[in-house]
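Chain residues, written in single-letter form:
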Amino acid sequence: MTTTTTELHPLAEAYVKELKDAARRMPRTQRNELVAEIRSHLAETAPATASQAEVLTALERLGEPAEILAEQGAEAAAPPRGLGLHEIAAILLLMFGAFLFLVGWLGGVVLLWSSRRWTTRDKLIGTFVVPGGYFGAAFAGIATSSTTSCFGSGRHVTCVGGPSTAAQIGQIALGVFLLLGPLASALYLARRAR
Amino acid sequence: MGPAEPSSISQLRRGVLEYCVLALLRGTERYSYEIVHALAQADGLVTTEGTLYPLLSRLRKEDLVSSTWRESDAGPPRRYYRLTPSGEARFTMFLGEWSRFRDSVDALLEGQ
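A few points on the structure.

**Considering the overall build of chain A**
(1) Moving on: What chain A contains, in helices and strands, is nine helices and two strands.
(2) Moving on: Along chain A, helices and strands appear, N-terminal first, in the series α-α-α-α-α-α-α-α-β-β-α.
(3) Moving on: Of all 194 residues assigned to chain A, the portion counted as buried reaches 26%.
(4) Moving on: Of the contacts made within chain A by residues no fewer than 6 positions apart, 61% connect residues no fewer than 24 positions apart.

Okay, structure coming up:
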């Protein structure tokens, strides 16, 4: 962009200077863009040839620099929607992170709770369905199946210490929960991110 | 200015305002001050003109509008805005939602 310096009314120049000062903590490109837009606006409403009364009205309609910057801050702070890298990493770590020496899963929990795109309820579900994700599932699976020991081969397998039918049903239900839980939880989180 | 406005009203205005910007750019390009001036002329839409520039900046960042600076005969360069395809799609979506929303709210208000 080429900057043709247009003569603004001295009061308008003072306003631009005040805006620049107030905006000094903004990222440089953003600040330059904002100042350029406001300058161009003032060139229309408060040129050097305008009367003082016209300029004062124009500045009042434009609003205080602080007001404009507050709006800029609000717009910049508006969280982006949907799944970002942060959220995708959180979901993957929750599912599989525990295979990385358990720490991965904890990292997933930290990412989950630090994201602003989920509600507390979503975060609770993500944490507790299933703790440890698929690692937790595999671990619990091994732990429950090890109470049964089988020997023999082919069709002649005998199992000792096997659980009762009720316990077996319970085990199957637990197995289904452990297998589908992390997946369902991941899909739920992906849908709920906003 | 009247008494302080509750934040829900300014939220409502803020929510609708960006679609008014998109509406102004349908089928035509306009430079910043044209957009700001048109919105400021409409009663009750804009409290301070300057706060529209951050809005324009967000619409650029979200790729709903694109812009180019161009020299003008009258003075300083002007920033011209136009809708991007995703801006057009967003506006079309808003149109459908808006007419449903407006009709429902109007119906409820008239029922009082």
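**Brief notes about the overall build of chain B**
(1) Moving on: Regarding its fold elements, chain B presents four helices and three strands.
(2) Moving on: From first element to last, N terminus to C terminus, chain B shows the α and β order α-β-α-α-β-β-α.
(3) Moving on: Taken over 112 residues, chain B has a buried fraction of 25%.
(4) Moving on: For chain B, the share of sequence-separated contacts (at least 6 apart) that also reach a separation of at least 24 residues comes to 50%.

**Some remarks on the interface of chain A and chain B**
(1) Moving on: Tallying the contact residues gives 21 residues for chain A and 19 residues for chain B.
(2) Moving on: Mapped onto the side of chain A that touches chain B, the elements with two or more residues apiece are helix H2 (28-45), helix H3 (52-62) and helix H4 (65-77) of chain A.
(3) Moving on: Top element by residues in the side of chain A that touches chain B is H2(A). It accounts for nine residues.
(4) Moving on: Residue composition of the side of chain A that touches chain B, by class: six nonpolar, seven polar and eight charged.

**So, the packing of helix H6 (residues 103-114) of chain A against helix H7 (residues 120-128) of chain A**
Residues and elements named next belong to chain A.
(1) Moving on: Relative orientation of the contacting elements H6 and H7 amounts to 170°, with a least axis distance of 10 Å. Taken together, the axis directions place H6 and H7 in an arrangement best described as roughly antiparallel. On the side of H6, the interface is formed by Val109, Leu112 and Trp113, while H7 contributes Lys123, Gly126 and Thr127.
(2) Moving on: Residues belonging to the contact of H6 with H7 are distributed by class as follows: three nonpolar, two polar and one charged.

**Re the environment of Ala58(A)**
All names here are of chain A.
(1) Moving on: Looking at the element boundaries, Ala58 is found in helix H3.
(2) Moving on: For Ala58, a count of 21 C-beta atoms within 10 Å puts it in the buried group.
(3) Moving on: Ala58 sits 46 residues away from Ala12 along the chain, and the two C-alpha atoms are 9.0 Å apart.
(4) Moving on: Every residue in contact with Ala58, bar those within four places of it in the chain, is listed here: Thr45 and Ala46.

**A word on the nonpolar core**
(1) Moving on: Counting 32 residues, the largest nonpolar core has Val21(B) and Leu56(B) as the members making the most contacts within it.
(2) Moving on: Mapped onto this core, the elements with two or more residues apiece are helix H1 (10-22), H2, H3 and H4 of chain A together with helix H1 (7-24), helix H2 (32-41), helix H3 (52-61) and strand E3 (78-83) of chain B.
(3) Moving on: At five residues, H3(B) tops the list of elements feeding residues into this core.
(4) Moving on: Beyond its immediate stretch of four places on either side in the chain, Val21(B) contacts Ile35(B), Leu55(B), Leu56(B) and Leu59(B).
(5) Moving on: Ranked by size, the runner-up nonpolar core spans 15 residues in total, among them Ile91(A), Trp105(A), Phe135(A) and Ala137(A).

**Concerning the environment of His86(A)**
(1) Moving on: Inspection of the secondary structure assignment puts His86(A) in helix H5 (residues 85-96).
(2) Moving on: Residues within four places of His86(A) in sequence aside, it is in contact with Leu111(A) and Ser115(A).

**Comments concerning the sheet that holds strand E1 (residues 30-31) of chain B**
Residues and elements named next belong to chain B.
(1) Moving on: The antiparallel open sheet is built from three strands, whose spatial order is E1-E3-E2. Looking at the sheet topology across the chains shown, the edges are occupied by E1 and strand E2 (65-70).
(2) Moving on: Here E2 pairs with E3 via six bridges, running antiparallel. Paired with Trp69 across the two strands is Arg79, which belongs to E3.

**Observations regarding the packing of H5(A) against helix H9 (residues 165-192) of chain A**
Residue and element names in this part refer to chain A.
(1) Moving on: Remark: H5 packs on H9, axes separated minimally by 10 Å, with the N-to-C direction vectors making an angle of 170°. Taken together, H5 and H9 sit at an angle that is classed as roughly antiparallel. Counting all contacts with H5, which are made through Ile91, Leu94 and Met95, the residues of H9 involved are Pro182, Ala186, Leu189 and Ala190.

**Description of H5(A)**
(1) Moving on: Between its terminal C-alpha atoms H5(A) stretches 16 Å, which fits the 16 Å expected from 12 residues at 1.5 Å a residue.
(2) Moving on: Buried within H5(A) we find Glu87(A), Ala90(A), Ile91(A), Leu93(A), Leu94(A) and Met95(A).

Scoring rules and cut-offs
Residues numbered from 1 in each chain as written. Chains lettered and ligands numbered in written order. Predicted model: local features only at pLDDT ≥ 70, side-chain atom pairs only at ≥ 80, totals over all residues. Helix = DSSP H or I, 4+ residues; strand = E, 2+ residues; numbered from the N terminus. Buried ≥ 20, exposed ≤ 12 C-beta atoms within 10 Å, placed from the backbone. Contact = placed C-beta atoms within 7 Å. Nonpolar A, V, L, I, M, F, W, Y, C, P; charged D, E, K, R; others polar. Axes fitted to C-alpha atoms, helices over the stretch in contact; angles between N-to-C directions. Parallel < 35°, antiparallel > 145°, perpendicular 65-115°, else oblique. Core = buried A, V, L, I, M, F, W, Y, C linked by C-beta atoms within 7 Å. Pairing = 2+ DSSP bridges. Expected span 1.5 Å × (residues − 1).

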